[in-house]
Amino acid sequence: MSNPITLGEFVIEKQGQFPYATGELSQLLSSIRLAAKVVNREINKAGLGDVLGAVGAQNVQGEQQMKLDVYADEMFIKALRARGEVCGVGSEENEDFIVFDEEIHSNSKYVVLIDPLDGSSNIDVNVSVGTIFSIYRRVTPPGTPAKLEDFLQAGNKQVAAGYVVYGSSTMLVYTTGHGVNGFTLDPSLGVFFLSHPNMQIPKTGNIYSINEGNYVHFPDGVKNYIKYCQELDVPTNRPYTSRYIGSLVSDFHRNMLKGGIYIYPKGTKSPNGKLRLLYECNPLAFIAEQAGGKASNGFKRIMDIQPEELHQRVPFFIGSVEMVDKAEEFMTKFS
Ligand code: AMP
Ligand code: P6P
């Protein structure tokens, strides 16, 4: 790309398409951009100093909190609190949502849901991790403290959503409902440049991503879909391959680029699946749909599910539309 524009320039350019925009959403996206750079810097030197290793605490999920989990959570919340666009944040790392009630938040109209550092189990072994975020307009009156109902909105109400993948390169990918665009960080400049304009997920693919270690706990529909993927379909000679990084953002990002399906179904160990609706499934579902893909719980569109609690888990099928359709066929047939 001869003259790539920066993420900041891109956001301002898009704001220009909304003549009545006050610039609040642009500022909010700028806060996320800044926090992503700060977190990226720490992740890239995680092997040094005393950043590695568990902090000894556990998060609301009962999972061992890694120091970088806590650090990322603090950085994103600090960046979002520092300006006046957001009145509250719901985060994987905090049991209750956090209310921003300083004077500068008295007219804030957005709330943010975030998984500050997804894939934490990979942190100490130098495997890619990610941040996932989701932005809504508040539904309670401005000037009052944010309430749970501001966060328990269906995914189809999202204003924007995105993820950061801290991988061999660091990318920020987001949508505001008008397509999906990806930006790659140039670490020597500390600037995100547009590298993947108008991302489209291939309609089909031959990659399936699922933790087959849980096979015995899977619903029959999932077991039969895996069998379908594994049986070489001679007429089309379409061998599937299994790719599972164990880091949702990385598995999803690869499937976005190459085509594929990621599945985290329910099982006896996880009766509703493992992934959280509000800050993992809904934002990635928004991105997938905006890129021509699909996301469901095996039967119903993820973004039409009415949330009932902040850390609600749902079964998750996301990726190329024809692959999700086929998986849903098996779920219905064997349900
Ligand atoms: P604002 O007044 O800045 O909060 O913007 C009002 C609405 O305009 C937002 O909720 C978006 O729907 C749209 N909008 C404003 N700025 C942008 C932007 N930078 N990119 C995409 N949509 C935007
Ligand atoms: P399992 C990481 O903890 C995560 O939330 C996702 O990033 C990842 O896809 C999944 O859980 C891995 O879970 O049970 O396969 O180890």
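Residues numbered from 1 in each chain as written. Chains lettered and ligands numbered in written order. Predicted model: local features only at pLDDT ≥ 70, side-chain atom pairs only at ≥ 80, totals over all residues. Heavy atoms only, no water.

Novice: Would you explain the state of the cysteines in this entry?
Specialist: Defined simply, a disulfide is a covalent bond joining two cysteines at their sulfur atoms. One pass over the structure, following the stated rule, counts zero disulfides. With no disulfide of its own, C229 has C281 as its nearest cysteine by sulfur position, at a separation of 20 Å. Overall, the relative accessible area of 1% leaves C229 in the buried class. (Disulfide = S-S within 2.5 Å. Buried < 20%, exposed > 50% of the residue type's maximum accessible area, 1.4 Å probe, protein only.)

Novice: How should unusual backbone geometry be read in this particular structure?
Specialist: With the exception of glycine, the majority of residues adopt a negative phi angle, and the majority of peptide bonds are in the trans configuration. In this structure, N126 is a non-glycine residue whose phi angle is positive, near 60 degrees. Tracing the chain through its elements places N126 in the loop between β5 (110–118) and β6 (129–137). Owing to a relative accessible area of 74%, N126 belongs among the exposed residues under this scheme. Of note in this structure, N198 is not a glycine but carries a positive phi near 50 degrees. Residue placement: N198 occurs in the loop between β10 (191–196) and β11 (207–209). (Helix = DSSP H or I, 4+ residues; strand = E, 2+ residues; numbered from the N terminus.)

Novice: Is there a simple way to explain the pattern of salt bridges in this structure?
Specialist: Side-chain pairs of opposite charge can arise where the charged atoms are in close proximity. All told, the structure shown has 12 salt bridges when counted by the stated rule. The partner of R254 in a salt bridge is D251, and the shortest N-O contact between them spans 3.1 Å. Of the two residues, R254 and D251 are both situated in helix α6 (residues 248–258); the distance of three residues between them amounts to about one turn of the helix. For the pair shown, R254 and D251 are each scored as buried. Overlapping salt bridges bring together E92, R276 and E280 as one network. (Salt bridge = Lys/Arg side-chain N within 4 Å of Asp/Glu carboxyl O.)

Novice: Sorry, what's going on with the packing of aromatic side chains here?
Specialist: The geometry of two aromatic rings is summed up by the distance between their centres and the angle between their planes. Throughout the structure, instances matching the rule amount to 13 aromatic pairs. A connected cluster of aromatic rings, assembled from ring pairs, spans Y225, Y228, Y240, F330 and F334. (Phe/Tyr/Trp six-rings, centres within 6.5 Å; stacked < 30°, edge-to-face > 60°.)

Novice: Explanation requested: a nonpolar patch on the surface in the structure shown.
Specialist: Together, V125, V127 and I245 make up an exposed nonpolar region whose accessible area comes to about 220 Å². Mapped onto the fold, V125 is located in the loop between β5 and β6. (Patch = residues over 30% accessible without salt bridge, like charges linked within 9 Å, V, L, I, M, F, W, Y side chains within 5 Å. Areas by Shrake-Rupley, 256 points an atom, 1.4 Å probe, with all protein chains shown as cover.)

Novice: Help me out: how do you make sense of the site of ligand 2 in this one?
Specialist: Around ligand 2 sit D118, G119, N211, Y244, G246, S247, L248, Y262, Y264, K274, L275 and E280, and that is every residue in its neighbourhood. With respect to ligand 2, the backbone of L248 contributes an N or O atom lying 2.7 Å from an oxygen atom. Within the side chain of K274, one N or O atom sits 3.0 Å away from an oxygen atom of ligand 2. Notes on ligand 2: free accessible area 400 Å², of which the protein chains cover 84%. Here the shell around ligand 2 is composed, by residue class, of five nonpolar, four polar and three charged. (Near = heavy atom within 4 Å. Polar contact = N/O pair within 3.5 Å; in protein donor to acceptor, adjacent residues only side chain to side chain. Nonpolar A, V, L, I, M, F, W, Y, C, P; charged D, E, K, R; others polar.)

Novice: Is there a simple way to think about the site of ligand 1 in this case?
Specialist: Taken together, 15 residues sit near ligand 1, with T22, E24, K109, Y110 and R137 positioned nearest. Take Y110: an N or O atom from its side chain is 2.5 Å from an oxygen atom of ligand 1. About the coverage of ligand 1: the protein hides 89% of its 470 Å² of free accessible area. Judged by the fraction of its atoms near the pocket grid, ligand 1 is located in the largest pocket. Looking at the shell around ligand 1, the elements with two or more residues in it are α1 (7–15) and α2 (24–43). (1 Å grid on protein atoms, 1.4 Å probe; cavity = no way out; pocket = protein on both sides within 12 Å on 5 of 7 lines; lining within 4 Å. Sits in = over half its atoms within 2 Å of the grid points.)

Novice: Please explain the packing of α1 against α2 as it appears in this structure.
Specialist: Each pair of packed helices gets described by two things: the angle between the helix axes and the distance between those axes. Contact geometry for α1 and α2: axes closest at 10 Å, N-to-C directions at 165 degrees. As far as their axial angle goes, α2 and α1 are roughly antiparallel. Crossing hand, α1 versus α2: right-handed. Residue-level contacts link L7, G8, V11, I12 and Q15 of α1 to S26, L29 and R33 of α2. (Axes fitted to C-alpha atoms, helices over the stretch in contact; angles between N-to-C directions. Parallel < 35°, antiparallel > 145°, perpendicular 65-115°, else oblique. Left-handed = near helix turned anticlockwise from the far one by under 90°. Contact = heavy atoms within 4.5 Å.)

Novice: What should I look at first to understand the environment of D101 in this one?
Specialist: Structurally, the position occupied by D101 is in the loop between β4 (98–99) and β5. Placed 13 residues apart in sequence, D101 and G88 show a C-alpha to C-alpha distance of 8.4 Å.

Novice: Sorry if this is basic, but what is going on with the domain arrangement of the chain here?
Specialist: Reports often express the size of an interface as the amount of accessible area lost when the parts come together. Domain boundaries assigned for the chain yield domain 1 (7–196) and domain 2 (207–333). Between the C-alpha centres of domain 1 and domain 2 the distance comes to 24 Å. Facing the 49 residues of domain 1 at the interface are 33 residues of domain 2. Between domain 1 and domain 2 the total buried area reaches about 2800 Å² when both faces are included, carbon and sulfur atoms providing 62% of it. When the buried area of domain 1 at its contact with domain 2 is split by residue, I132, L152 and Y163 rank highest and sum to 21% of it. Counting across the domain 1 and domain 2 interface gives one salt bridge. Here E92 makes a salt bridge to R276, at a shortest N to O gap of 2.3 Å. Run the count over domain 1 and domain 2 and you get 14 residue pairs in polar contact (both at pLDDT 80 or more). Mapped by element, the contributors of at least two residues to the side of domain 1 that touches domain 2 are β5, β6, α4 (148–151), β7 (160–166) and β8 (170–175). Broken down by element, the residue count for the side of domain 1 that touches domain 2 peaks at seven residues, all from β6. Here the side of domain 1 that touches domain 2 is composed, by residue class, of 22 nonpolar, 21 polar and six charged. (Domains from an automatic or database assignment. Buried area = accessible area lost by both parts, 1.4 Å probe.)

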